[in-house]
Amino acid sequence: SACIINVWGYREILPPSNSIKTQSSQGKAVFMIQPKESCTHDFCLLSNTEQDKTPSQESLVALKEAELERKRVVFPNKSVNSEHMKHVLESEYKKLKSQDGAFELMRAESGGTSRPLKLILMPSDGYSIPYIRDLVGSNTLLYIRPMKSCLSLDNHHSLLLIRNLKHTAPNAACPFLSCS
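This is a predicted model, so every value here is computed, not measured. (Residues numbered from 1 in each chain as written. Predicted model: local features only at pLDDT ≥ 70, side-chain atom pairs only at ≥ 80, totals over all residues. Heavy atoms only, no water.)

## Regarding the overall build of the protein chain
Then comes step 1: Along its length, the protein chain carries four helices and nine strands.
Then comes step 2: Of all 180 residues assigned to the protein chain, the portion counted as buried reaches 29%.
Then comes step 3: Contacts in the protein chain between residues far apart in sequence, at least 24 positions, make up 62% of those at least 6 positions apart.
Then comes step 4: For the protein chain, the accessible surface area stands at approximately 12100 Å², while carbon and sulfur atoms represent 53% of it. (Helix = DSSP H or I, 4+ residues; strand = E, 2+ residues; numbered from the N terminus. Buried < 20%, exposed > 50% of the residue type's maximum accessible area, 1.4 Å probe, protein only. Contact = heavy atoms within 4.5 Å. Areas by Shrake-Rupley, 256 points an atom, 1.4 Å probe, with all protein chains shown as cover.)

## What about the environment of His 41?
Then comes step 1: Topologically, His 41 is positioned in strand 5 (residues 39-45).
Then comes step 2: Distance in space between the C-alpha atoms of His 41 and Ile 129 is 9.0 Å, their sequence separation being 88 residues.
Then comes step 3: Not counting residues within four places of it along the chain, the set of residues in contact with His 41 comprises Lys 71, Arg 72, Val 73, Phe 75, Ile 132, Arg 133, Val 136, Gly 137, Ser 138, Thr 140 and Leu 142.
Then comes step 4: A distance of 2.6 Å separates the side chain of His 41 from the backbone oxygen of Thr 140, its partner in a polar contact. (Polar contact = N/O pair within 3.5 Å; in protein donor to acceptor, adjacent residues only side chain to side chain.)

## Here we look at the packing of aromatic side chains
Then comes step 1: Across all of its chains, the model carries two aromatic pairs by this definition.
Then comes step 2: Pairing Phe 43 with Phe 75 gives two aromatic rings, centres 6.1 Å apart and planes at 70°, and the pair type is edge-to-face. With Phe 43 in strand 5 and Phe 75 in strand 6 (residues 71-75), this residue pair connects regions lying 32 residues apart in the sequence. No difference in accessibility class separates Phe 43 from Phe 75, as the two residues are buried.
Then comes step 3: Ring geometry for Phe 103 versus Tyr 127: centroids 6.4 Å apart, planes at 15°, classification stacked. Of the two residues, Phe 103 sits in strand 7 (residues 103-108) while Tyr 127 sits in the loop between strand 8 (117-120) and helix 3 (129-136), which places them 24 residues apart along the sequence.
Then comes step 4: For Tyr 127, a relative accessible area of 4% translates into the label buried. (Phe/Tyr/Trp six-rings, centres within 6.5 Å; stacked < 30°, edge-to-face > 60°.)

Structure representation (structure tokens):
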């Protein structure tokens, strides 16, 4: 859709940012909209290999502090294969790399709090964007459940800060560790 701007009493119609200006056979300017090449989907990385319900409010806070929170992940195109999807998810969720690609995708069922999670069966060629889009659409929050081991809820940045405090001020009182 075009954007209408009113500047000093004049109305100007601007084309959408993803459009191309062409000439029609009658000499009028025509704006054709190009579909976006990239696509997005919302994910939340779970920490437990056996989790079968959506996280509680307290768990969501812990997931956020551990950098496992809900994120809108951008994929470079709509035909991302399983290997590229794994790479993009691992770049968004650093702790997912420890699973060596062993994860499952799940979606919430029914309503209410602590909803049951339903496993999305993985096809033989792995999860891909076209497969996910065909199965659940583009607006469904997907949960990533690790399969190899539970993920730590420790915040990597907090641990680095604590380690730095320990090494820079060994005699200082440290509320997190015994630093003496």
